[in-house]
Structure formats: structure tokens, C-alpha cells
Amino acid sequence: MTDRKRTLSGIKPTGSPHLGNYLGMLKPALAMQATHETFYFIADYHALTSVTNPKELRENTYDLVAVFDALGMDFSRHTFFRQSDVPEVTELTWLLSCVTPMGLLERAHAYKEKRQSKEDVTHGLFAYPVLMAADILIYDSHEVPVGKDQKQHLEMTRDIAQRFNHIYGETFIVPEPRIAEVVATIPGLDGRKMSKSYDNVIPLFSSEAQLRKQVMRIVTDSKSVEEPKDPEHCNVFQIFRQFADETQREAWAKRYRAGGMGYGEIKQATFEAINEAIRKPRERYFAVREDTAQLDAILAEGGERARQVAGAVLYRARKRVGLS
Ligand code: TYM
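Every chain is numbered independently, its residues counted from 1 as its sequence is written. Only residues with pLDDT of at least 70 get local features here, since the model is predicted, and only at 80 or more are side-chain atom pairs given and counted; chain-wide, interface and lining totals rely on the full set of residues. Side-chain measures were taken over the full set of non-hydrogen atoms in the model, leaving aside hydrogen atoms and water.

Any chance you could break down the overall build of the protein chain for me, citing the residues and the numbers?
Looking only at helices and strands, the protein chain features 13 helices and five strands. For the radius of gyration, the atoms used are the C-alpha atoms, and the globule rule reads 2.2 Å times the number of residues raised to 0.38. Relative to the compact-globule value of 20 Å for 324 residues, the protein chain shows a C-alpha radius of gyration of 21 Å, a close match. Its C-alpha atoms give the protein chain principal-axis dimensions of roughly 75 × 45 × 40 Å. Expressed as a percentage of the 324 residues in the protein chain, the buried residues total 51%. A separation of at least 24 residues holds for 77% of the contacts in the protein chain among residues at least 6 apart in sequence. Just so you have it, the protein chain exposes about 15,800 Å², and 50% of that area is on carbon and sulfur atoms. In the protein chain, 44 positive and 44 negative side-chain charges are present, and the distance between their average locations comes to 2 Å. What counts as a helix is a DSSP run of H or I of at least four residues, what counts as a strand is a run of E of at least two, and both are numbered from the N terminus. Only protein chains enter the calculation, and the probe is 1.4 Å; a residue is then buried if its accessible area is under 20% of its type maximum, exposed if over 50%, and partly exposed in between. In this analysis, two residues are considered to be in contact whenever any of their non-hydrogen atoms come within 4.5 Å of each other. Only the protein chains shown count as cover for residues, and all accessible areas are computed by the Shrake-Rupley method using a 1.4 Å probe. Counted as positive: Lys and Arg. Counted as negative: Asp and Glu, with His and the chain ends omitted from the count. Charge placement uses NZ in Lys and CZ in Arg. For Asp and Glu, CG and CD serve respectively.

Next up, the structure:
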């Protein structure tokens, strides 16, 4: 395992994971288990910037352990943990904060969006990208599989690592983002990015009936059945294509362009394709989600492994800056 490159990624326990998380991160990241040494974690420190209900935070965390289990995370060979079980990351955040320019953080999309909408901005949200840089750097990560919305955060991480290395000498590996361009950003029910904050998500694991209902709610234009349609600009097709093979994709794209196809039909096909793809993991998800003692055991073991790596890297950084 040790000569493999290390990949790391995180997901916030802010609600049930949705198809955007699945296609943008979970699926590609879990596939990398075959070729990489993987470190994946539940970003609960980050979730505190939006979740203020402790019970919800704990339940959402269990949900995510069960999701990784259901999607095939091999906990015995790879490292899966909860961010807050490795408190060393908050100390590294401070060391990195001291080399991070305010201007860099002021350019962050998430911060700018909040400011523009006149919502209260906490220091936690402002400093979010520094904690994320610490997450990545403290595990000597080479590659970070994420959705396109995290691209700026990755650029900031690289920037912060380079600054630190420049001031104190080579300390951190400068990581590469791994963004699956085909997937990029999965649209939600209303066509904007699928996101819990827009309330437009299709949950990854809900009942079959709920899944069908959500897919039927995806917004389309109001073209009649007879009119030719454009698959490339259709929210339903963008999701369908992720679950279809090339022959199916081409056949349906042809039907769009030819006219005579209603959106109800492609929605039904999309529902069936998603349902088939997640049938087995969904069963496993609901079975393992019950056993919280087992979920705790998974977290305890992963946390211990992660902490060993993080401790060594933090020690290296502390020495560099002159702390004992
Ligand atoms: P989070 O929890 O918002 O999302 C988890 C992953 O899902 C991807 N994603 C999407 N991809 C495609 N289309 C969408 N509509 C969509 N919505 C979400 C995200 O890009 C992400 O990869 N800040 C991170 C968590 C984090 C992290 C890290 C990630 C904390 N520390 C270190 C990588 C490395 C976040 O909020 O993800």
C-alpha cells in the first residue's frame, strides 16, 4: 500500500447526502480505493459553520458512516474517520492562518455570497478554507477528489501550502485536485447546483417512492411533446446521463432531438436508472444504519489511524516554525 499515492477527501454531515455528492465525490473517490491509499473523512468541524443542533450533527454523522459502508468503503484497508477525532488539525489551522493573507480569504466564493446576501458571517465561515487546507496538508495528501464547487478551496490550499513552504522550507506536499470533468456540477431540481443550501436535492438513499417523486419534480422547459428538444440543456438528461451507458445516452439524445418525446418519459427512465444503480447499496445502508455501536467502532479505528499520520505531520510543521 505504501508506494501508492494518497488521496484524501471530506464531506460535511449537514443532511442526507444527495446525488450531487454521490456523483461529484463519493463514487469517484471510492473507486480510487483500487489504485490509491485513501483517507476519507466526515467534516464535522466544518459542519459547525451551519449545523447548530447537536443531535442532528450526531445523526448526520452516523448517516455518513453508513453511506460509505453501503457504497463499498473497505474500512480495514483504508482510513475513514471523523475530522474532530483528530484535533491536531485545529492546531495546524492556526499555524496556517499565520501565513494566510486576509485578501485570499476575502475572495472565497462562499464568503462573498454570504456577504452579498447580507447574512451574518461568522469567523468560522471566513476561516473555513484554512481548516480545509489543514485537513488536506496534515495527511500528506497527493490528490483530492472533489466536485467542481470545491475547486477554489483546492487552489487556496495549494496557495497556503506554497506560502508555508516558501517561508519555512519544504514542509507540505502541494496537492492536486481531481475533478471529474464529465460530472462537474450536478444540477438540482430547479437547475441550480444541487445543494442542501438550495433545498433542491435528490437524496441518495430515500425510499423508492420518494425517489420517484423527486425525479418527477425536476424542472424542465414547457415544450410540448411534439417539439424537438435539446438534451444538453435539460436538467433531467444531465442526471440521466450519469446513470446510463453510451448506447442508452445516444438513443435518448436522438429521441430528444426528433420530437415526439415528453419529459415524463425521460423522467421515468431516469428514475428507473437511478433506482437500479442504488438498489443494493440502499438495502445495505438501511441495514447498517441501525447498528450505531458498529458505526462507532468504525470511527474509533479510523480515527486512531488518522491521528498517527496527523501527529507526525503536525510535529514536522511545529518544528519548522520554531515551536518546541
Ligand atoms: P460538501 O459536504 O459540500 O460536499 C461533499 C462533496 O460533494 C461534492 N458536491 C457536488 N459535486 C457535484 N455536483 C454537485 N451538485 C455537488 N454538491 C456537492 C463536493 O464538491 C464535495 O466534493 N468543504 C467540503 C468538505 C471538506 C473537504 C475537506 C473536501 C472539508 N475538508 C478537505 C476535500 C478535502 C464540502 O463542503 O463538501
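How would you sum up the side chain of Asn 235? Please name residues and give values.
Here Asn 235 is to be found in helix α10 (residues 235-240). Given the relative accessible area of 18%, Asn 235 is considered buried. Among residues more than four places away in sequence, those in contact with Asn 235 are Pro 187, Asp 190, Gly 191, Ile 218 and Val 219.

Outline the site of the ligand, supporting the account with residue identities and numerical values.
Close to the ligand lie 27 residues; Tyr 128, Asp 135, Gly 147, Asp 149 and Ile 186 are nearest. We define a polar contact as two N or O atoms separated by no more than 3.5 Å, with the added condition that, inside protein, one atom must be a possible hydrogen donor and the other a possible acceptor, whereas residues neighbouring each other in sequence contribute only through side-chain atom pairs. Interatomic distance of 2.4 Å between a side-chain N/O atom of Asp 149 and an oxygen atom of the ligand. Here Ile 186 contributes a backbone N or O atom positioned 2.8 Å from a nitrogen atom of the ligand. About the coverage of the ligand: the protein hides 96% of its 720 Å² of free accessible area. Because more than half of its atoms lie within 2 Å of the grid, the ligand is assigned to the largest pocket. Every element with two or more residues in the shell around the ligand is listed here: β1 (6-11), α1 (19-31) and α7 (123-137). The residue makeup of the shell around the ligand, split by class, is 13 nonpolar, ten polar and four charged. Distances are taken per atom, and a residue is near a molecule or strand as soon as one of its heavy atoms is within 4 Å of it. The method works on a 1 Å grid over the protein atoms by themselves. A cavity is a set of points holding a 1.4 Å probe that cannot get out, a pocket is an open set with protein on both sides within 12 Å along at least five of seven lines, and residues with an atom within 4 Å of a point line them. To decide whether a molecule occupies a pocket or cavity, check its atoms: if more than half lie within 2 Å of the grid points, it is inside. Note that Gly is not counted as nonpolar here; it falls among the polar residues with everything else outside the nonpolar set of Ala, Val, Leu, Ile, Met, Phe, Trp, Tyr, Cys and Pro and the charged set of Asp, Glu, Lys and Arg.

Report on the layout of surface pockets, specifying residues and quantitative values.
Grid points are joined across faces, edges and corners, and a volume is the space filled by probe spheres set on the points. Roughly 1,500 Å³ of internal volume is contained in the largest pocket. Considering the residues around the largest pocket, the lining is formed by 49 residues, among which Lys 12, Tyr 128, Asp 149, Gln 150 and Lys 193 are closest to the centre. Elements that contribute at least two residues to the lining of the largest pocket include exactly β1, α1, α6 (109-116), α7 and α8 (151-168). Top element by residues in the lining of the largest pocket is α7. It accounts for six residues. Tallied by class, residues from the lining of the largest pocket come to 20 nonpolar, 19 polar and ten charged. Estimates place the volume of the second largest pocket at around 160 Å³. If you trace the second largest pocket, you find it lined by Tyr 45, His 46, Thr 49, Thr 90, Thr 93, Ser 97, His 123, Gly 124, Ala 127, Tyr 128 and Leu 131. Contributions of two or more residues to the lining of the second largest pocket are made by α2 (44-47), α4 (88-97) and α7. Among the elements that make up the lining of the second largest pocket, the one with the highest residue count is α7 (five residues). Residues of the lining of the second largest pocket, tallied by class, amount to four nonpolar, seven polar and no charged.

Got a sec to walk through helix α13 (residues 292-321)? Specific residues and values, please.
To estimate how far a helix should extend, the number of its residues minus one is multiplied by 1.5 Å. With 30 residues, α13 should reach 44 Å at 1.5 Å per residue; the first-to-last C-alpha distance of 41 Å fits that figure. Of all the residues in α13, the buried ones are Leu 295, Ile 298, Leu 299, Gly 302, Gly 303, Ala 306, Val 309, Ala 310, Val 313, Leu 314 and Ala 317. One or two steps after α13, the chain reaches Gly 322, where phi turns positive at roughly 100°.

Kindly report on the packing of α4 against α7, identifying the contributing residues and their values.
Following both chains from N to C, one finds α4 and α7 inclined at 115°, their axes separated by 8 Å at the closest point. Seen along the crossing, α4 lies across α7 with a hand that is right-handed. Across the interface between the two elements, Val 89, Leu 92, Thr 93, Leu 96 and Ser 97 of α4 pack against Val 130, Leu 131, Ala 133, Ala 134, Asp 135 and Leu 137 of α7. The axes are straight lines fitted to the C-alpha atoms, using for helices just the contacting stretch, and the angles between their N-to-C directions are given from 0 to 180°. For a crossing to be left-handed, the near helix must be turned anticlockwise from the far one by less than a right angle; the clockwise case is right-handed.

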